[in-house]
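The residues making up each chain are set out below.
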Amino acid sequence: MKDFDTICAIATALGEGGIAIIRVSGDKALDIVSKIFKAHSGQDIKSMKSYTMKYGHIYDIDNEELIDEVIISFMKGPKSFTAEDTVEINCHGGVVSTNKVLESVIKAGARLAEPGEFTKRAFLNGRIDLSQAEAVMDIIKAKTDLAMKSALMQSTGHLSTQINKQREYMLNILALVEFAVDFTEDDEDVDPSIPIKVAESLEKSIGEMNVLLRGADEGKLIREGLSLAIVGKPNVGKSSLLNALLREKRAIVTDIAGTTRDVIEEYINLDGIPVKVIDTAGIRETEDVVEKIGVERSKEKLEEADLVLLVLDTSRELDQEDKDIIESVKDKKCILILNKIDLEWKIEEDILGSFENVIKISAKEEIGLDELKQTIKDLFFNGKIDTESLIISNSRHKQALYRALENAENALVRVKNNEYLDLISIYVTASLRALGEITGSELEEDLVNKIFSDFCVGK
Ligand code: GDP
């Protein structure tokens, strides 16, 4: 166990609520809280048993003024989230009461925790590895049941197990190489079975890393959401389509940060896939300056979109505006939505040939929505979503695994060319290091700090 100071933070969301929890972690946790807490029973909490609670009051350390009525719980390290002694103070969930209790804990000797510092301690104290720590944040931010399930699997060490297995392979290869190099005068005399064994191990590992990476793009979509832009000229039924999709599946989150007047972002739950709908406020050319900003932004958003739904109105003939919009999405992954099929068909059929995916719907009558959803799943998930294969969902992990794979492939090519074994060990070591970045066993301290700084306070 490392030696750290005792930290504290509000662990619950700030606002009015039934209760709020202030978390105190470190070897002085109980000592600090005992200075400001008086148990109703009169008992001294320093002798409190782990995993028990005490009812009482918090007082100001300087003037003994009553601050709040609370219940405290104690979890003795290493059996706590941080693996350190942890006290949680359940106080009244008001903004003022919570902050006053927090202040008194600080006055009694604890330091205010940085974002993610509790989870970072769990990592630094060796209770969890880095990928598990990152999963804690993914659980909090999960937007669908499926995203939650995948994050939960990662938090219990599903990914770590796979990565550690690959590390084992690389370590065994290094041991073989070192053995061969140490016991032979020159490379000519190397036991011929060694390069064969090295190649076999590398091939096995490369195969397994490829399997892990195969699900990475899908994993990322489940974690971060598929961004979907609905485009088309005014009145073709874009909002009606969005509303129909929203109505069917409950909306999950409204992204408040970054929301602008022109571009609204909302998530819908499409059978477990979080779909972030970018409502582009029309990408047509405009003279209006204010609206032009919106149009520019819409074009940017279009760039970001993983998928575009291009909506046309089948009850009208195509005009130049439709054609311009069709032109603007021609390089994107796109589904052509022919809307208003409940009305008389007037649109020319010849346009349809240039689209691979065409779906006829009526947003108003809610016809064709299931087919639309199935098509989206076909495009990104080969039709069905398999949680077991969603092991890699984080871009950082994916990049590191790619590097591990590339180095392993390089090593294999060299073994097959009968190159010097110590040269091969350079690539194997690089692969090992890249794998270690995922679990955090090989990562620069400032990178670790950067990862945790994205966490929320109190976690
Ligand atoms: P937007 O400007 O592209 O967002 O279009 P809206 O969703 O606001 O729809 C424009 C008009 O078309 C509204 O009056 C809708 O009720 C109507 N509309 C949308 N979808 C359909 C449809 O499938 N069938 C019919 N008959 N009308 C529709």
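Residues numbered from 1 in each chain as written. Predicted model: local features only at pLDDT ≥ 70, side-chain atom pairs only at ≥ 80, totals over all residues. Heavy atoms only, no water.

Going by an unreviewed UniProt entry, the protein carries the name tRNA modification GTPase MnmE and comes from Clostridium hominis. Checking UniProt for the protein, the heading Sequence similarities (unreviewed entry) contains the comment "Belongs to the TRAFAC class TrmE-Era-EngA-EngB-Septin-like GTPase superfamily. TrmE GTPase family." Recorded in UniProt for the protein, the comment headed Subcellular location (unreviewed entry) runs: "Cytoplasm". (UniProt positions renumbered as here; feature names shortened; annotations may be inferred.)

Some details on the sheet that holds strand E5 (residues 66–75)
Taking strand neighbours across the sheet as the criterion, the seven strands line up as E3-E4-E5-E6-E2-E1-E7 in an open arrangement whose pairing is mixed. The outermost strands of the open sheet, each flanked by one partner alone, are strand E3 (37–39) and strand E7 (111–112). Bridging between strand E1 (residues 7–10) and strand E2 (residues 17–25) involves four bridges; their strand directions are antiparallel. Within the sheet, the bridge partner assigned to Ile10 lies in E2 and is Ile22. Docked against the sheet, helix H3 (residues 117–124) engages E1, E2 and E7, running at close to 140° with respect to E1. (Pairing = 2+ DSSP bridges. Helix = DSSP H or I, 4+ residues; strand = E, 2+ residues; numbered from the N terminus. Contact = heavy atoms within 4.5 Å. Axes fitted to C-alpha atoms, helices over the stretch in contact; angles between N-to-C directions.)

Section: the site of the ligand
Of all residues adjacent to the ligand, which total 15 residues, the nearest are Asn235, Lys238, Ser239, Ser240 and Asp342. Here an oxygen atom of the ligand sits 3.0 Å away from a polar atom, N or O, in the main chain of Gly237. Within the contact set of the ligand, an oxygen atom lies 2.5 Å away from a side-chain nitrogen or oxygen of Ser239. Isolated, the ligand exposes 580 Å² of accessible area, and the fraction of that covered by the protein chains is 73%. Looking at the shell around the ligand element by element, the count peaks at three residues for helix H9 (residues 238–248). Here the shell around the ligand is composed, by residue class, of four nonpolar, six polar and five charged. (Near = heavy atom within 4 Å. Polar contact = N/O pair within 3.5 Å; in protein donor to acceptor, adjacent residues only side chain to side chain. Areas by Shrake-Rupley, 256 points an atom, 1.4 Å probe, with all protein chains shown as cover. Nonpolar A, V, L, I, M, F, W, Y, C, P; charged D, E, K, R; others polar.)

So, the layout of surface pockets
If you add up the space inside the largest pocket, you get close to 520 Å³. As for the largest pocket, its lining consists of 25 residues, of which Glu134, Asp138, Arg223, Asn394 and Asp454 are closest to the centre. Mapped by element, the contributors of at least two residues to the lining of the largest pocket are helix H4 (130–141), helix H5 (145–155), helix H8 (216–224), helix H13 (395–416) and helix H15 (445–453). Split by residue class, the lining of the largest pocket holds nine nonpolar, five polar and eleven charged. Lining the second largest pocket are 15 residues, with Asp217, Lys220, Leu221, Gly225 and Asp306 positioned closest to its centre. Looking at the lining of the second largest pocket, the elements that each hand over two or more residues are H8 and helix H12 (369–381). Per-element accounting of the lining of the second largest pocket gives the leading share, five residues, to H8. In the lining of the second largest pocket, the residues fall into four nonpolar, two polar and nine charged. (1 Å grid on protein atoms, 1.4 Å probe; cavity = no way out; pocket = protein on both sides within 12 Å on 5 of 7 lines; lining within 4 Å. Points joined across faces, edges and corners; volume = space filled by probe spheres on them.)

Things to note about the UniProt feature "binding site: K(+)" (unreviewed entry) in the protein
When the UniProt feature table is mapped to this numbering, "binding site: K(+)" (unreviewed entry) covers Asn235, Thr254, Ile256 and Thr259. Note on placement: Asn235 falls in the loop between strand E8 (226–231) and H9. Accessibility expressed as a relative area gives 68% for Asn235, which makes it exposed. Excluding anything up to four places from it in sequence, Asn235 contacts Asp313 and Lys340. (Buried < 20%, exposed > 50% of the residue type's maximum accessible area, 1.4 Å probe, protein only.)

Considering the nonpolar core
In this structure, Met170, Leu202, Met209, Leu401 and Val428 are the most contacted members of the largest nonpolar core, which totals 34 residues. Put simply, the parts of the chain that give this core at least two residues each are helix H6 (158–182), helix H7 (193–214), H13 and helix H14 (421–439). Leu228, Leu242, Ile273 and Leu372 belong to the second-largest nonpolar core, a separate cluster that totals 32 residues. (Core = buried A, V, L, I, M, F, W, Y, C linked by side-chain atoms within 4.5 Å.)

Topic: a nonpolar patch on the surface
On the surface, a cluster of nonpolar side chains totalling about 280 Å² of accessible area is made up of Leu14, Val95 and Val96. Position of Val96 relative to the elements: it lies in helix H2 (residues 95–107). You can call Val96 exposed: its relative accessible area is 61%. (Patch = residues over 30% accessible without salt bridge, like charges linked within 9 Å, V, L, I, M, F, W, Y side chains within 5 Å. Salt bridge = Lys/Arg side-chain N within 4 Å of Asp/Glu carboxyl O.)

Quick look at the packing of aromatic side chains
Here a ring pair, both rings aromatic, is described through the centre-centre distance and the interplanar angle of the planes. Applying the stated criterion across every chain, the model contains one aromatic pair. The aromatic ring of Phe118 is capped on one face by Arg23, whose charged end is 5.1 Å from the ring centroid. (Phe/Tyr/Trp six-rings, centres within 6.5 Å; stacked < 30°, edge-to-face > 60°. Lys NZ or Arg CZ within 6 Å of the ring centre and 35° of its normal.)

Some remarks on the environment of Gly126
Of note, Gly126 is situated in the loop between H3 and H4. Gly126 sits 43 residues away from Ala83 along the chain, and the two C-alpha atoms are 8.3 Å apart.

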